[in-house]
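Here's the letter readout for the chains.
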Amino acid sequence: MNVTITPSRVAGTARAPPSKSYTHRAILAAGYAGKATVRDALWSADTQATARAVELFGGDVDRHDDGTLEIDGFDGRPDVPADVIDCANSGTTMRLVTAAAALADGTSVLTGDESLRSRPQGPLLEALADLGVEADSTRGNGQAPLVITGPLAGGAVSIPGDVSSQYITALLMAGAVTDEGIELDLETELKSAPYVDITLEVLADFGVDAHKTETGFAVDGGQSYAPEGGEYAVPGDFSSISYPLAAGAIAAAEGETVRIEGAQPSAQGDSAIVEIVERMGADVDWDRDAGTIDVSRAPLTGIEVDVEDTPDLLPTIATLGAVADGDTRITNAEHVRYKETDRVSAMAEELGKMGVETTEERDSLTIHGGASALEGATVSGRDDHRIIMALALAGLAADGETTIEGADHVDVSFPGFFGMLEELGVALERRA
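Residues numbered from 1 in each chain as written. Predicted model: local features only at pLDDT ≥ 70, side-chain atom pairs only at ≥ 80, totals over all residues. Heavy atoms only, no water.

- An unreviewed UniProt entry annotates the protein as 3-phosphoshikimate 1-carboxyvinyltransferase of Natrinema hispanicum.
- The record in UniProt for the protein states the following under Catalytic activity (unreviewed entry): "3-phosphoshikimate + phosphoenolpyruvate = 5-O-(1-carboxyvinyl)-3-phosphoshikimate + phosphate".
- Taken verbatim from the UniProt record of the protein, the Sequence similarities (unreviewed entry) comment is "Belongs to the EPSP synthase family." (UniProt positions renumbered as here; feature names shortened; annotations may be inferred.)

Laid out in structure tokens, this is it:
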């Protein structure tokens, strides 16, 4: 699907979709449990991949119309899957499920689409091998397809922290149901640390104790997953909140605001987007108790932003920088190159098609907003939900129409994204 955006002013109320990060963890945590209900779950292409994995491990996921998931889990010990686990485009699914597969007394095979099969899994495979699991890449390059043969008993292991925090999440979640538990010694500084904080928060809500140590993280074995009252509610997603928030800052109608609901505080590092938009000059009011954010348009000024802990915000910040006066410099960004696509290059190249001047370095991206004239163009979504949504925001303020090719990939995290834009007043056209 291609979507054409006509420059528009926006106003009204948008509701944040549930958090993808929390939903992944909650579905798998419920799988580790005997039985649990997950409320307000995001049902997207990525989270459905995690649900399919739970079912292949012997669980059952029943979804109701209101978004509630009733999950009969595999109670800490996954069956050997009867089929290959297809993680589609979901890197979170692959990493979390790889460690879960290591608990099975037999062999599991995991794969995904072309993009996912190019993403690094080597450090996780090496950690599992050090813990006594047979963990191999079929091509010997540290990438999927993966072949995992357990069972995993637990133990102590070292792992780099600067490739993906999802490796740590995967091992902590699996380690809770091993005999020995798992102690992780980080070999390098942890990138995307708030995502591990999310994991610790979800584990605690499911009755599992995992904690930071002087050198990394640890989780005791022999624990059981059981949320209080048998239920867990997923909070709103700040990665997704960044899009209506930026839309309001870029294109709110004169004297109007965009209100975002479902913005309760949580461990999500991407809540930093509220402060970032404020620092750039937008008028933002976050009522944390009510979980609402009101934002109105104002002249924006470029700033410097470190995305070491918030890699998913880079595309949104890049678009804000394209509209702002002066330079917006995004630093500590090398790990953002290993997402669904190389998001640093993707934003530089696609914004470049729209007349935006950028300077790309290995670890940074600078957007020269003051030296740019944002113009409508035909751009590629790169099969990446966050690139698509960020480019749609750029189209709100461009001179002329912007057509985004492959826009249906927003289904990965925000299936209702374009409908939300229309409700806020955006003129857009979908074409198959």
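1. Section: the side chain of His335
Here is step 1: As for its position among the elements, His335 is in the loop between β19 (327-331) and α10 (343-353).
Here is step 2: Within the local environment of His335, its side chain forms a polar contact with the backbone oxygen of Glu308, the two atoms lying 2.9 Å apart.
Here is step 3: Setting aside its immediate chain neighbours within four residues, His335 contacts Lys191, Ser192, Val307, Glu308 and Pro311. (Helix = DSSP H or I, 4+ residues; strand = E, 2+ residues; numbered from the N terminus. Polar contact = N/O pair within 3.5 Å; in protein donor to acceptor, adjacent residues only side chain to side chain. Contact = heavy atoms within 4.5 Å.)

2. With respect to the pairing of strand β5 (residues 69-72)
Here is step 1: The two faces of β5 differ: Leu69 and Ile71 on one face are buried, but Glu70 and Asp72 on the other face are not.
Here is step 2: Two strands pair when backbone bridges link them, and strand β3 (residues 35-39) and β5 are joined in this way by four bridges, in the antiparallel orientation. Residue Lys35 lies in a different strand from β5, and its bridge partner there is Asp72.
Here is step 3: Looking at chain direction, strand β4 (residues 60-63) and β5 are connected through four bridges and run antiparallel. Bridging across to β5, Val61 finds its partner in Ile71. (Buried < 20%, exposed > 50% of the residue type's maximum accessible area, 1.4 Å probe, protein only. Pairing = 2+ DSSP bridges.)

3. Comments concerning the UniProt feature "binding site: phosphoenolpyruvate" (unreviewed entry) in the protein
Here is step 1: Within this structure's numbering, the places UniProt gives as "binding site: phosphoenolpyruvate" (unreviewed entry) are Lys20, Gly91, Arg119, Gln166, Arg343 and Arg386.
Here is step 2: As for its placement among the helices and strands, Lys20 is situated in helix α1 (residues 20-32).
Here is step 3: Sequence-distant contacts of Lys20, that is, excluding residues within four places in its chain, are made with Leu42, Ser44, Asp46, Thr47, Asp237, His385, Arg386, Val412 and Ser413.
Here is step 4: Within the secondary structure, Arg343 is located in helix α10.
Here is step 5: Not counting residues within four places of it along the chain, the set of residues in contact with Arg343 comprises Asp312, Leu314, Pro315, Val336, Arg337, Asp384, His385, Arg386 and Ile387.
Here is step 6: Of note is the side chain of Arg343, whose polar atom sits 2.7 Å from the side chain of Glu340.

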